[in-house]
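# A closer look at the structure
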Amino acid sequence: MPKTPIKYLVAIFAIFLTGTTVQADERYDPVRNQVVIDECGACHMVFQPQMLPKKSWVKIMNDLSDHFGEDASLDASSVKLITKYLQENSADSGWRDGKFMRGLSKNSTPLRITKTPYWVREHNEEVPQRAWSDPKVKSRANCPACHRRANSGDYDDD
Amino acid sequence: MKPHANSFTLSTLAVIIFTSWILAGANVAFASPRQNILADYAARVKIQTPGFEGFSTDRGKKLFLSKPGTGKPDIPSCTTCHSNNPANPGQTRAGKAIEPMAVSRSPARYTDFKKVEKWFRRNCKSVTGRICTSLEKGDFLTFMINQ
């Protein structure tokens, strides 16, 4: 029976293909710069820069003395280094736009990742309201509360 | 006095001065970095208040628990993020855990002057809307050291 093994092979190959694409769906490069890790990570998760466009990062970094209602001011050289890193790895830095550019209008500059159309679409239907009001979550910015491997850029666990 | 005797005395003196200089240096190294930071704030206070009698745990505690109402509305007090008890861990508004402020619980705290100044600069601005005085900083640290 020469036909069956080929059929199986094709089926296995198809499963393998689908499997890898699904698994690699929500992966982002983790932040590798120690200054970025230390400074941004002092107060919140070190968000992967692929989650906002360049202009958003620039605007955020230009207004650190009022960082979402808090003074997060930094010395000039750290600001310069971090801004550069965020820009070089932003959602619109690659040869084609990342997922977080989806649905984003040209003239909008989101300051929160949680306000981007992509983030909203990914969370609105899936996450019940009671999850957001859980004290262990506390904030929408607390990705690792649900995505356990968020710090390493892995959001596939939803 | 013969010339060579004179030079002997001089070199002995040099050795003594050098040794005491090394010892003095060692002394500074033995004082804890945290005490050095406090001493630095104390020196700054003394310039403006000659009758300064030292930092106060009570004043530090009052400052920690106060709600000045002059800072950013989302952060009315130190306790907003650090909890009412310095021995307990806190939580940032973004949900990240903060190690307890009390030195007894977090022995590595307040040993890096630059870091201490950075967080006073940011958090005093957030909570009070202004920069903290050296007296406030010293009182605050004294409270945390005694917790």
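Up top you'll find the structure we're talking about.
Parameters and conventions
Residues numbered from 1 in each chain as written. Chains lettered and ligands numbered in written order. Predicted model: local features only at pLDDT ≥ 70, side-chain atom pairs only at ≥ 80, totals over all residues. Heavy atoms only, no water. Disulfide = S-S within 2.5 Å. Buried < 20%, exposed > 50% of the residue type's maximum accessible area, 1.4 Å probe, protein only. Salt bridge = Lys/Arg side-chain N within 4 Å of Asp/Glu carboxyl O. Helix = DSSP H or I, 4+ residues; strand = E, 2+ residues; numbered from the N terminus. Axes fitted to C-alpha atoms, helices over the stretch in contact; angles between N-to-C directions. Parallel < 35°, antiparallel > 145°, perpendicular 65-115°, else oblique. Left-handed = near helix turned anticlockwise from the far one by under 90°. Contact = heavy atoms within 4.5 Å. Nonpolar A, V, L, I, M, F, W, Y, C, P; charged D, E, K, R; others polar. Core = buried A, V, L, I, M, F, W, Y, C linked by side-chain atoms within 4.5 Å. Arc of directions from axis to C-beta.

### Quick notes on the state of the cysteines
All told, the structure shown has one disulfide over all chains when counted by the stated rule. Disulfide partner of Cys124 of chain B: Cys132 of chain B, at an S-S distance of 2.1 Å. In this structure, the disulfide formed by Cys124 of chain B and Cys132 of chain B twists by about -100° around the S-S bond and is classed as left-handed. Each member of the pair, Cys124 of chain B together with Cys132 of chain B, is buried. Unpaired in terms of disulfides, Cys40 of chain A finds its nearest cysteine sulfur in Cys43 of chain A, a separation of 9.5 Å. Using a relative accessible area of 18% as the deciding quantity, one classes Cys40 of chain A as buried. Left without a disulfide partner, Cys81 of chain B is nearest to the cysteine sulfur of Cys43 of chain A, which lies 8.1 Å away. When its relative accessible area of 11% is taken as the criterion, Cys81 of chain B is described as buried.

### Quick word on the pattern of salt bridges
Inspection of every chain in the model, using the stated rule, returns 15 salt bridges over all chains. Close ionic contact of Asp156 of chain A with Arg27 of chain A constitutes a salt bridge, the shortest N to O distance being 3.0 Å. Note that Asp156 of chain A is positioned in the segment after α6 (129-132) and Arg27 of chain A in the loop between α1 (3-23) and α2 (34-40), a separation of 129 residues in sequence. One salt bridge in this structure joins Glu136 of chain B and Arg130 of chain B, with 2.7 Å as the shortest N-O distance. Looking at Glu136 of chain B, the relative accessible area reads 16%, which means it is buried. Overall, Arg130 of chain B belongs to the partly exposed group, its relative accessible area being 37%. Each of Arg27, Arg149, Asp154 and Asp156 of chain A takes part in one network of salt bridges that share partners.

### Here's the deal with the packing of helix α2 (residues 33-48) of chain B against helix α5 (residues 113-128) of chain B
All names here are of chain B. Their axes nearest at 10 Å, the elements α2 and α5 cross at an angle of 60°. Classified by the angle between their axes, α2 and α5 sit oblique to one another. Every pair of crossing elements has a handedness; the one defined by α2 and α5 is right-handed. In this structure, α2 uses Ile37, Asp40, Tyr41 and Arg44 to contact α5, whose residues at the interface are Phe113, Val116, Glu117 and Phe120. Looking at side-chain class alone, the contact of α2 with α5 contains five nonpolar, no polar and three charged residues.

### Looking at the nonpolar core
What tends to happen in soluble globular proteins is that the nonpolar side chains get buried as a cluster. Residue and element names in this part refer to chain A. Ranked by internal contacts, the top residues of the largest apolar core, which has 32 residues, are Val36, Ile82, Phe100, Ile113 and Tyr155. Only α2, α3 (54-61), α4 (76-88) and α5 (117-124) provide two or more residues apiece to this core. Take this core: its biggest share by element is four residues, from α4. If we skip the residues at most four places from it in the chain, Tyr155 touches Glu26, Tyr28, Met45, Gln48, Met51, Cys143, His147 and Ala150.

### Some thoughts on α3 of chain A
Residues and elements named next belong to chain A. When we look at burial in α3, the residues that qualify are Ser56, Trp57, Ile60 and Met61. Buried positions in α3, seen along its axis, are confined to an arc of 125° and lie on one side of it. Of the surrounding elements, those touching the buried residues of α3 are α4.

Treat this as a map of the structure, not an account of what it does.
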